[in-house]
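Listed below, chain by chain, are the residues.
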Amino acid sequence: MQQIWKEYQEKNKNKFLNELLDLLRIPSVSAKSEHKADMLTCAEAIKQRLLEAGADTVEIYPTDGHPIVYGEKITDATKPTVLVYGHYDVQPAEPLDLWNSGPFDPTIIDGKIFARGSCDDKGQMYMHIKALETLVQTNTLTNNIKFCIEGEEEVGSPNLGKFVTSHKELLKADCVLISDSAMISLDTPSLDIGLRGLSYIEVEVTGPNRDLHSGVYGGAVANPITILAKMIASLHDENNHINIPGFYDDVINATTEERALMAKAPFNEEEYKTDLAVKELWGEKGFSTIERTGIRPTLELNGIWGGYTGEGAKTVLPSKAYAKISARLVPNQNSDKIADLLINHLKKIAPACVTVKATLHHGGEPYITPIESNAYKAAAKAIEATFNKQPIPVRGGGSIPICSLFEKELGTKVVLMGFGLDSDNLHSPNEKFDLANFYKGIETIPYFHQFFAEM
Ligand code: BES
Ligand code: MN
Ligand code: MN
């Protein structure tokens, strides 16, 4: 098997790459309405690629937002079915001046593709289409593969839930396979056995009913920026625990065994600090860096603004101040419950000199893949087949909100077989994906299908 796949992939290396570069040229930014047409162009390109790769049928399903691409290759209805999920939308590329090359003008330097979406998630999603092509072209596909590629993951998948719920039969599968996360490195392969959930809110703090002259009124009227800054500063205590009553109530603490296992994963704190240009790390007392980003919930300020931020100086006492705040959640925390908790807490701690309005953005539940599941075992075996090493199970810090819904609605486990690296600059300027990781993914995925079909 192996040899015939290898030969096909070796022969088509450049074709695979050039096709990916074409996809990366489409600025499919889901958050911005100006890209609505690009989203459809991208969905159509993916439909075309799936058909060329050997899918029997591919359909573009419109939604209230951006379309979902669904495709399938059914070889034998009595055989296991793998549902591959990925997303073709990308995060906004801004700030543009920090990119060394155009975000939608993919550039290869030192064996790395620099472009928005190269790793998250077009590059990783495309590995699955090329794995399908490999299996079809070499006549070695023994299971059924379904594809659900959405265009709204980066904005919280607002329409995918409804699609999943209303298309259970269409999406019916024995496991869900996702490559939209990272591994430790090609030398130390790992598999995510969990993702964190998310609660995202926005707050508006209002002081006086209009902007005021800071000399005429300053000192006598509360400045909403000062008040908001104080409120935010109170959200963590001196040990960097989250200072909101009830926040940790539902957290299932990782066992001593799991923490001991986590501590075995290679991690170089000096390199980590050097890479980020920080002298010291920061975090919740009592937990290691890997634990802080994996098994612990967090609270982050994603944005804060208010008053005058234009050129020069303006002496103003602003009427309003704003912040975007999100919490990463771990099992068994609930996204809606934590959002309510956050909103109520902020309202409660606000002094009477301001009023607080809070709104809810998207959220998602945490997810855990049991290592006893067939899906996990097939993924671990596939990694072993191409890396000659057993993958280390780790917890991913990011969120893919649809995971828990897939499990709930389809009754299947989700396996996270990511081929990115934490250093791929996801959501940042100069996002990249190593060619070696791209090809390793295409090499490994066919084994997953083979092993899962055998289980
Ligand atoms: N691919 C990421 C999630 C991810 C990144 C998982 C790294 C594991 C490791 C995904 O595209 C993403 O960015 N998700 C968002 C959540 C969404 C609701 C905007 C996130 O994690 O912030
Ligand atoms: Mn992603
Ligand atoms: Mn992302």
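Keep in mind it's a predicted model, so treat the numbers as computed, not measured. (Residues numbered from 1 in each chain as written. Chains lettered and ligands numbered in written order. Predicted model: local features only at pLDDT ≥ 70, side-chain atom pairs only at ≥ 80, totals over all residues. Heavy atoms only, no water.)

Novice: Can you walk me through the coordination of the manganese ion (ligand 2) in this structure?
Specialist: Metal coordination angles have textbook ideals: 109.5 degrees for a tetrahedral set of four donors and 90 or 180 degrees for an octahedral set of six. At the metal site, the manganese ion (ligand 2) is ligated by His87 (NE2), Asp120 (OD), Asp180 (OD) and Asp180 (OD), and these contacts range over 2.0 to 2.4 Å. Between the six donor atoms coordinating the manganese ion (ligand 2), the angles at the centre fall across 57 to 166 degrees, so the site counts as irregular. Donor residues for the manganese ion (ligand 2), ordered by position in the chain, follow H-x32-D-x59-D. In this structure, the manganese ion (ligand 2) is positioned 3.6 Å from the manganese ion (ligand 3), and both are ligated by Asp120. Pair noted here: His87 is in strand S3 (residues 81–87) and Asp120 is in the loop between strand S5 (112–114) and helix H4 (122–137), with a separation of 33 residues, a long-range link. (Donors = N, O, S within 2.8 Å, 3.2 Å for Na, K, Ca; no water. Tetrahedral: all angles 85-135°; square planar, octahedral: opposite > 155°, others 65-115°. Helix = DSSP H or I, 4+ residues; strand = E, 2+ residues; numbered from the N terminus.)

Novice: Is there a simple way to think about the site of ligand 1 in this case?
Specialist: The local shell around ligand 1 holds 17 residues, among which Glu153, Asp180, Arg328, Ser399 and His427 are the closest. Contacts to ligand 1 include Asp180, whose side-chain N or O atom sits 2.8 Å from a nitrogen atom. Within the contact set of ligand 1, an oxygen atom lies 2.8 Å away from a side-chain nitrogen or oxygen of His427. Contact with the protein chains covers 90% of the free accessible surface of ligand 1, which is 520 Å². (Near = heavy atom within 4 Å. Polar contact = N/O pair within 3.5 Å; in protein donor to acceptor, adjacent residues only side chain to side chain. Areas by Shrake-Rupley, 256 points an atom, 1.4 Å probe, with all protein chains shown as cover.)

Novice: How do you make sense of the sheet that holds strand S13 (residues 320–329) when you look at a structure like this?
Specialist: Adjacent strands of a sheet pair through backbone hydrogen bonds, lying either parallel or antiparallel. Strand order in the open sheet formed by four strands is S11-S13-S9-S14, with antiparallel pairing between adjacent strands. In this open sheet, the two strands that pair with only one neighbour each are strand S11 (298–306) and strand S14 (355–364). For this sheet, the mean angle separating the axes of adjacent strands, direction not counted, is 15 degrees. Of the pairings in the sheet, the one linking strand S9 (residues 197–206) to S14 comprises eight bridges and is antiparallel in character. In the strand pairing of S14, Ser199 is matched with Gly363. Contacting S9, S11, S13 and S14, helix H7 (residues 224–233) runs over the sheet at an angle of about 15 degrees to S13. Along the sheet face, helix H11 (residues 335–349) touches S9, S11, S13 and S14 and points at about 20 degrees away from the line of S9. (Pairing = 2+ DSSP bridges. Axes fitted to C-alpha atoms, helices over the stretch in contact; angles between N-to-C directions. Contact = heavy atoms within 4.5 Å.)

Novice: Explain the coordination of the manganese ion (ligand 3) here, please?
Specialist: Around the manganese ion (ligand 3), the protein supplies Asp120 (OD), Glu154 (OE), Glu154 (OE) and His427 (NE2) as donor atoms, at distances of 2.1 to 2.5 Å. One can describe the site at the manganese ion (ligand 3) as irregular: its six donor atoms subtend angles covering 56 to 156 degrees at the metal. The sequence motif formed by the donor residues of the manganese ion (ligand 3) is D-x33-E-x272-H. Classification of Asp120 as buried rests on a relative accessible area of 8%. Look at Glu154 and you get buried, because its relative accessible area is 12%. (Buried < 20%, exposed > 50% of the residue type's maximum accessible area, 1.4 Å probe, protein only.)

Novice: What is the right way to read a nonpolar patch on the surface from this model?
Specialist: On the surface, a cluster of nonpolar side chains totalling about 320 Å² of accessible area is made up of Phe267, Tyr272, Leu276 and Val278. Locating Leu276 in the fold gives a position in helix H9 (residues 269–276). (Patch = residues over 30% accessible without salt bridge, like charges linked within 9 Å, V, L, I, M, F, W, Y side chains within 5 Å. Salt bridge = Lys/Arg side-chain N within 4 Å of Asp/Glu carboxyl O.)

Novice: Where do I start with the nonpolar core in this structure?
Specialist: Counting residues in each nonpolar core, the largest one holds 62 residues, and the members touching the most others are Ile46, Leu50, Tyr88, Met417, Phe438 and Phe448. The leading source of residues in this core is helix H14 (residues 435–454), at nine residues. For Ile46, the contacting residues outside a window of four places in its chain are Leu23, Val69, Tyr88, Met125, Ile129 and Ile149. Judged by nonpolar contacts, the second largest core, of 27 residues, contains Ile201, Val203, Ile244 and Ala323. (Core = buried A, V, L, I, M, F, W, Y, C linked by side-chain atoms within 4.5 Å.)

Novice: Is there a simple way to think about the sheet that holds S5 in this case?
Specialist: Across the sheet, which stays open at both edges, the three strands sit in the order S4-S5-S18 with antiparallel pairing between neighbours. Two strands close off the open sheet at either side, each with one partner strand: strand S4 (107–109) and strand S18 (432–434). Between one strand axis and the next, the sheet turns through 25 degrees on average, direction left out of account. With three bridges joining them, S5 and S18 adopt antiparallel strand pairing.

Novice: Just checking my understanding: could you explain the domain arrangement of the protein for this structure?
Specialist: Size of an interface: often given as the accessible area lost when the parts come together. By domain assignment, the protein separates into domain 1 (2–195 + 367–454) and domain 2 (197–251 + 297–364). Relative to domain 2, the C-alpha centre of domain 1 lies at a distance of 36 Å. Contact residues are listed per partner, giving nine residues for domain 1 and seven residues for domain 2. Between domain 1 and domain 2 the total buried area reaches about 530 Å² when both faces are included, carbon and sulfur atoms providing 53% of it. Here domain 1 and domain 2 share zero salt bridges between them. Taken together, the links from domain 1 to domain 2 amount to two residue pairs in polar contact (both at pLDDT 80 or more). (Domains from an automatic or database assignment. Buried area = accessible area lost by both parts, 1.4 Å probe.)

Novice: I keep staring at the layout of surface pockets and nothing clicks. Help me out?
Specialist: Each pocket or cavity is described by its volume, and for the second largest pocket that value is around 330 Å³. Forming the walls of the second largest pocket are 19 residues, and the residues nearest its centre are Gly156, Gly363, Gly364, Glu365 and Pro401. Here the lining of the second largest pocket gets five residues from one element, more than from any other, and that element is S14. Its residues assigned to classes, the lining of the second largest pocket comprises six nonpolar, nine polar and four charged. Residues from two domains meet in the lining of the second largest pocket; each of domain 1 (2–195 + 367–454) and domain 2 (197–251 + 297–364) gives at least three. (1 Å grid on protein atoms, 1.4 Å probe; cavity = no way out; pocket = protein on both sides within 12 Å on 5 of 7 lines; lining within 4 Å. Points joined across faces, edges and corners; volume = space filled by probe spheres on them. Nonpolar A, V, L, I, M, F, W, Y, C, P; charged D, E, K, R; others polar.)

Novice: Can you walk me through the pattern of salt bridges in this structure?
Specialist: Working definition: two side chains of opposite charge can pair if their charged atoms are close together. For the structure on display, the rule yields 25 salt bridges. Across the pair Lys273 and Glu270 runs a salt bridge whose closest N-O atoms are separated by 3.4 Å. One end of the pair is Lys273 and the other is Glu270, both in helix H9 and three residues apart, which spans about a single turn. The class of Lys273 is buried, set by a relative accessible area of 12%. Here Lys408 and Glu409 are joined by a salt bridge, their closest N and O atoms 3.8 Å apart.

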